[in-house]
Structure formats: C-alpha cells, structure tokens
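Structure assessment
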Amino acid sequence: QVQLVESGGGLVQPGGSLRLSCAASGIIFSYNAMGWYRQAPGKQRELVAALTSGGITNYADSVKCRFTISREDDVNTVYLQMNNLKPEVTAVYYCHIVGVQRIRGGTAADFDSWGQGTQVTVST
C-alpha cells in the first residue's frame, strides 16, 4: 500500500505561516484526489482543503483565502500552504490521497492512503 509521510508542522505565532508537505511512497500511476484534514482533541476530523485530478480545489470556509493546496506529481508530494495563522487552526493535520499505484507484475491498483498526522500549533 502507498504510504504517506507528512512534515512541516510545528509551533508558530499568530499571523505566521507554515507549509505542510505530504510525500507518497511507491510508484504512482495517477492521482484521483488528495486533501488535508485536521482533528483537534475532542473534535471531529474535518476537511480543510481538497484537490482533484482535474485541478478543482475545495476549501473549508474558515481557511479560504489563507490556505492553499497544491501538488508536484514528479516528486509525489502534496502541500498545504497556511498563511495568517490563527490559534483556532491548532490541530493534527492529516494528508489523504486516492489514486492508482503499480503493484506486482506491473499492473495497476487503486489505493487510498492516510498520513500519520503532523501537529500544527498556533500560540504566542
């Protein structure tokens, strides 16, 4: 199964910026969709930003005009640029990618993978 490795989280002051990265392992034939989710303790996991293979983006209302999702297929990486950060965005952020991977024999198979999560904390 394709594994996702996330990085870029950490502690940042209000108004600061972070860029999260999510790198996918294995041989990827194509991507169907990818997105970033977040979950704070005691709260439901929610979609923050999504990107389809056709380049269509979807953002939570609370992050529009501040967060940007993008990808670089040549390095199998999806990013989440976060600007003007506010304390309420503090949470664990998870990458999610759905696509098609190469399996034994060179055949193709669908995959649906989640990252391990990276902590984002906005505080003085």
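Small disclaimer: the values here were computed from a predicted structure and weren't measured.

Cut-offs applied
Residues numbered from 1 in each chain as written. Predicted model: local features only at pLDDT ≥ 70, side-chain atom pairs only at ≥ 80, totals over all residues. Heavy atoms only, no water. Pairing = 2+ DSSP bridges. Helix = DSSP H or I, 4+ residues; strand = E, 2+ residues; numbered from the N terminus. Phe/Tyr/Trp six-rings, centres within 6.5 Å; stacked < 30°, edge-to-face > 60°. Lys NZ or Arg CZ within 6 Å of the ring centre and 35° of its normal. Salt bridge = Lys/Arg side-chain N within 4 Å of Asp/Glu carboxyl O. Buried < 20%, exposed > 50% of the residue type's maximum accessible area, 1.4 Å probe, protein only. Contact = heavy atoms within 4.5 Å. Core = buried A, V, L, I, M, F, W, Y, C linked by side-chain atoms within 4.5 Å. Axes fitted to C-alpha atoms, helices over the stretch in contact; angles between N-to-C directions.

Moving on, we come to the pairing of strand E10 (residues 108–114). Relative to E10, strand E9 (residues 91–102) runs antiparallel, the two being bridged by 7 bridges. Among the inter-strand pairings, Val 98 is bridged to a residue of E10, identified as Asp 112. The hairpin formed by E9 and E10 contains 5 residues between the paired strands, and Gly 105 there has a positive phi angle of roughly 90 degrees.

Further remarks concern the packing of aromatic side chains. Counted by the stated rule, this structure contains 1 aromatic pair. Ring geometry for Tyr 37 against Trp 114: centres 4.9 Å apart, planes inclined by 55 degrees, an arrangement best described as tilted. Residue Tyr 37 is found in strand E4 (residues 28–39), and its partner Trp 114 is found in strand E10; the two are separated by 77 residues along the sequence. The ring of Tyr 79 carries the charged tip of Arg 19 above its face, separated from the ring centre by 4.4 Å. Against the face of Tyr 94 rests Arg 45, its NZ or CZ located 3.9 Å from the ring centre.

The next point concerns the pattern of salt bridges. A side chain with one charge can pair with a side chain of the opposite charge if their charged atoms come near. This structure, assessed with the given rule, holds 3 salt bridges. Among the ionic pairs, Glu 46 bridges to Arg 38, the shortest N-O distance being 2.8 Å. In this structure, Arg 71 and Asp 73 form a salt bridge, with 3.2 Å as the shortest nitrogen-oxygen distance. Note on Arg 71: relative accessible area 23%, which makes it partly exposed.

This part is about the side chain of Asn 76. Looking at where Asn 76 falls in the secondary structure, it is placed in the loop between strand E7 (67–72) and strand E8 (77–82). If near-sequence neighbours (up to four positions away) are discounted, Asn 76 is found in contact with Cys 22, Ala 23, Ala 24, Gly 26, Ile 28 and Tyr 31.

Formed by 32 residues in total, the largest nonpolar core has its most connected members in Trp 36, Phe 67, Leu 80, Met 82, Tyr 93 and Ile 97. Looking at this core, the elements that each hand over two or more residues are strand E3 (18–24), E4, strand E5 (46–52), E7, E8, E9 and strand E11 (118–122). Apart from residues lying up to four places away in sequence, Leu 80 is in contact with Leu 18, Arg 19, Leu 20, Trp 36, Val 48, Ala 49, Phe 67, Thr 68, Ile 69 and Tyr 93.

We now examine the sheet that holds E8. Hydrogen bonds along the backbone pair up the strands of a sheet, which may run parallel or antiparallel. Spatially, the 4 strands line up as an open sheet ordered E1-E3-E8-E7, and their pairing is antiparallel. A strand with exactly one partner marks an edge of an open sheet, and here the two such strands are strand E1 (4–7) and E7. Taken over all neighbouring pairs, the strand axes of this sheet differ in orientation by 15 degrees on average, direction set aside. Sheet topology places E3 next to E8; 6 bridges connect them, and they run antiparallel. Looking across to E8, one finds that Ser 21 is bridged to Tyr 79.

Such coordinate-based values are descriptive only and should not be taken to indicate function.
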